[in-house]
Structure formats: structure tokens, C-alpha cells
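The residues making up each chain are set out below.
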Amino acid sequence: MSEKALRRGVVAVITRDEALLVIRRAEGIAAPGKYCFPGGGIEEAESEELALVRELREELGATVEPQRRLWQSVTPWGVELAWWLADLDHTAPLVPNPAEVASVHWLTMAEMDSLEELLESNREFLRHIRAGAINLR
């Protein structure tokens, strides 16, 4: 690993029944058109929890409550990701920011697996759930 600190990001894992909240990334941002869990970069001196709350507000106009850290990974492009289980008021509308989010979806793990455009880090996360290494309950 280089002496330069890795960029850091946070990922929100939000469940509703058997579905997971997934976004499709807007054009003009990294990995445009790809499907993934919502989230984004952690700003300097910002905690993972505060970044999660801020990013969901920016991307979806949603207020979330971080519950617990589920997992950690590093993307192929060198971003260290913290994956957090979060609660969302399911009665509140999701309002995607068109600069960041092309569309919002509630998908089962099987439906996510079938997406050609799913980010590989998300596929790896699903594999860890299936292997029992991550518990969403």
C-alpha cells in the first residue's frame, strides 16, 4: 500500500422485507449507469456515520439512522469502503438527486445478481451475505 492514505467511502445497506435499496448512478459521476447501494465519500474529519447520513440526504433526500457497521472492503480503484446497515423511514419519499442518481430500486439479492451493470464490490458483498459472513438482521 502506498504512503498516501486511501480515499474512504461509506455504503448504506437498507432493507425492506426481502428487498435492498439500490440506485443506478447518473451520467457524469464515477461508474455512470452502474447499479449499487447508495453512499459516497467520507469528508476529512467526518465520521462514517455522519458521512452516511449526509450522503443519503444528498443522493436521495432521505434521513437514515446508521445501525451498525457490517463489512469493510477496498475497491479496485483504491477506495476503502465501510458498509453500514441503516434504517430508513419507509413512508418518507425518496427524491433522487439527478446529478448523482439516475433511478432508485428495491431489489432482492437474486434480482441484483441478474444485473449486468452491478458494481463488483456489491456482488462481493452479496456473496459474503450468502456465505454467512454478513448478517443483515
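For the structure itself, look to the data block above.
Every value quoted in this text rests on a predicted model; they were computed, and no experiment measured them.

Undergrad: Help me understand the packing of aromatic side chains, please; the structure alone is not making it clear to me.
TA: To describe a pair of aromatic rings, you give the distance between the ring centres and the angle between the ring planes. On inspection of all chains with the given rule, the structure shows 5 aromatic pairs. On the numbers, 5.5 Å between centres and 80° between planes, the contact of phenylalanine 37 with phenylalanine 125 is edge-to-face. Placement of the pair is phenylalanine 37 in the loop between strand 4 (35-36) and strand 5 (39-41) and phenylalanine 125 in helix 3 (residues 120-130), with a sequence separation of 88 residues. The class of phenylalanine 37 is buried, set by a relative accessible area of 4%. Consider the rings of tryptophan 83 and phenylalanine 125, whose centres lie 4.6 Å apart with planes at 10°: the pair is stacked.

Undergrad: For this particular structure, what's the right way to read unusual backbone geometry?
TA: Positive phi outside glycine occurs at aspartate 17, with the angle close to 55°. Position of aspartate 17 relative to the elements: it lies in the loop between strand 2 (15-16) and strand 3 (19-25). Aspartate 17 sits in the exposed class, given a relative accessible area of 71%. Although it is not a glycine, alanine 31 adopts a positive phi angle of roughly 55°.

Undergrad: Teacher, can you tell me more about the sheet that holds strand 6 (residues 64-74) here?
TA: Within a beta sheet, neighbouring strands are joined by backbone hydrogen bonds and run either parallel or antiparallel to one another. Taken in spatial order, the 4 strands line up as 5-1-7-6 in an open sheet, and their pairing is mixed. Of all the strands in the sheet, the pair left with one neighbour each is strand 5 and strand 6. Direction aside, the axes of adjacent strands within the sheet are offset by 20° on average. Where strand 1 (residues 7-13) and strand 7 (residues 79-88) come together, 7 bridges link them in parallel fashion. Across the sheet, the residue bridging to arginine 7 is valine 79, located in strand 7. Against the sheet, helix 3 makes contact with strand 1, strand 6 and strand 7, and its axis sits at roughly 100° relative to strand 6, the strand it touches most.

Undergrad: Just to check I follow, could you spell out the pattern of salt bridges for this structure?
TA: Pairing is possible between side chains that carry opposite charge, provided their charged atoms lie close to one another. Counting across every chain of the model gives 10 salt bridges. A salt bridge links arginine 54 to glutamate 46, with the nearest nitrogen and oxygen atoms 2.8 Å apart. The pair arginine 54 / glutamate 46 is uniform in exposure class, with both members buried. Each member of the salt-bridge network shares a partner with another, and the members are Glu43, Glu46, Arg54, Glu55 and Glu58.

How each quantity is defined
- Residues numbered from 1 in each chain as written.
- Predicted model: local features only at pLDDT ≥ 70, side-chain atom pairs only at ≥ 80, totals over all residues.
- Heavy atoms only, no water.
- Phe/Tyr/Trp six-rings, centres within 6.5 Å; stacked < 30°, edge-to-face > 60°.
- Helix = DSSP H or I, 4+ residues; strand = E, 2+ residues; numbered from the N terminus.
- Buried < 20%, exposed > 50% of the residue type's maximum accessible area, 1.4 Å probe, protein only.
- Pairing = 2+ DSSP bridges.
- Axes fitted to C-alpha atoms, helices over the stretch in contact; angles between N-to-C directions.
- Contact = heavy atoms within 4.5 Å.
- Salt bridge = Lys/Arg side-chain N within 4 Å of Asp/Glu carboxyl O.

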